[in-house]
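Spelled out, the chains give:
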Amino acid sequence: MMGGWGNMGGWGYGGYGGYGMMGIGMLVFWIGIIILGIYLFRRNSSHVHRGGQGKTSSMEILSERYARGEIDSEDYQRRKRDLEGK
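Rules used throughout
Residues numbered from 1 in each chain as written. Predicted model: local features only at pLDDT ≥ 70, side-chain atom pairs only at ≥ 80, totals over all residues. Heavy atoms only, no water. Helix = DSSP H or I, 4+ residues; strand = E, 2+ residues; numbered from the N terminus. Buried < 20%, exposed > 50% of the residue type's maximum accessible area, 1.4 Å probe, protein only. Areas by Shrake-Rupley, 256 points an atom, 1.4 Å probe, with all protein chains shown as cover. Patch = residues over 30% accessible without salt bridge, like charges linked within 9 Å, V, L, I, M, F, W, Y side chains within 5 Å. Salt bridge = Lys/Arg side-chain N within 4 Å of Asp/Glu carboxyl O. Expected span 1.5 Å × (residues − 1). Axes fitted to C-alpha atoms, helices over the stretch in contact; angles between N-to-C directions. Parallel < 35°, antiparallel > 145°, perpendicular 65-115°, else oblique. Contact = heavy atoms within 4.5 Å.

Visitor: Go over the overall build of the protein chain with me, naming the residues and quoting the values.
Guide: The secondary structure content of the protein chain amounts to 3 helices and 0 strands. If you list the helices and strands of the protein chain from N to C, you get α-α-α. Going through the 86 residues of the protein chain one by one, you find that 7% of them count as buried. Summed over all atoms, the accessible surface of the protein chain reaches about 7700 Å², with 61% contributed by carbon and sulfur.

Visitor: I'd like to hear about a nonpolar patch on the surface, residue by residue, with values.
Guide: On the surface, Met-22, Met-26, Phe-29, Trp-30 and Ile-33 cluster together into a nonpolar patch covering about 500 Å² of accessible area. Along the chain, Met-26 turns up in helix H1 (residues 18-45). In this structure Met-26 comes out as partly exposed when scored by relative accessible area, which is 40%.

Visitor: Tell me what's going on with the pattern of salt bridges, and back it up with residues and numbers.
Guide: Side chains that differ in sign of charge can pair as their charged atoms come close. Across all of its chains, the model carries 5 salt bridges by this definition. For the salt bridge of Arg-68 with Glu-70, the shortest nitrogen-to-oxygen distance reads 2.9 Å. Here Arg-68 falls in the exposed class, since its relative accessible area comes to 53%. Assessed through its relative accessible area of 46%, Glu-70 is described here as partly exposed. Across the salt bridge formed by Asp-75 and Arg-79, the nearest N and O atoms sit 3.0 Å from each other. Placement of the pair is Asp-75 and Arg-79 together in helix H3 (residues 73-84), with a separation of 4 residues, close to one helical turn.

Visitor: Hey, could you go over H3 for me, with residue numbers and the actual values?
Guide: Helix length check: H3 (12 residues) gives 16 Å between terminal C-alpha atoms against 16 Å at 1.5 Å per residue, within 8%. Downstream of H3 by a residue or two, Gly-85 has a phi angle that is positive, lying close to 80 degrees.

Visitor: Any chance you could break down the packing of helix H2 (residues 58-67) against H3 for me, citing the residues and the numbers?
Guide: Closest axis-to-axis distance for the H2/H3 pair is 10 Å, and the angle between their directions is 180 degrees. The orientation of H2 relative to H3 falls into the category roughly antiparallel. Residue-level contacts link Ser-58, Met-59, Leu-62, Ser-63, Arg-65 and Tyr-66 of H2 to Ser-73, Tyr-76, Arg-79, Lys-80, Leu-83 and Glu-84 of H3.

Encoded structure:
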């Protein structure tokens, strides 16, 4: 053999394939894990708990429904009075 054990045509350990491609694959894998972690963290932090008990209050839900146009002004005022106990 001319090249001996260490010369594998660039395809052995540390050559163009082998660990070289595995290194790129691992880099892509870890970048993907980091991006997934950031996505999950930001998704959970966008649902910030409001109020002392971590629950959205009835008035906040009512206001959000009114803002989205799910209920009209008359219905909003009636439900608001009911929630306030007046």
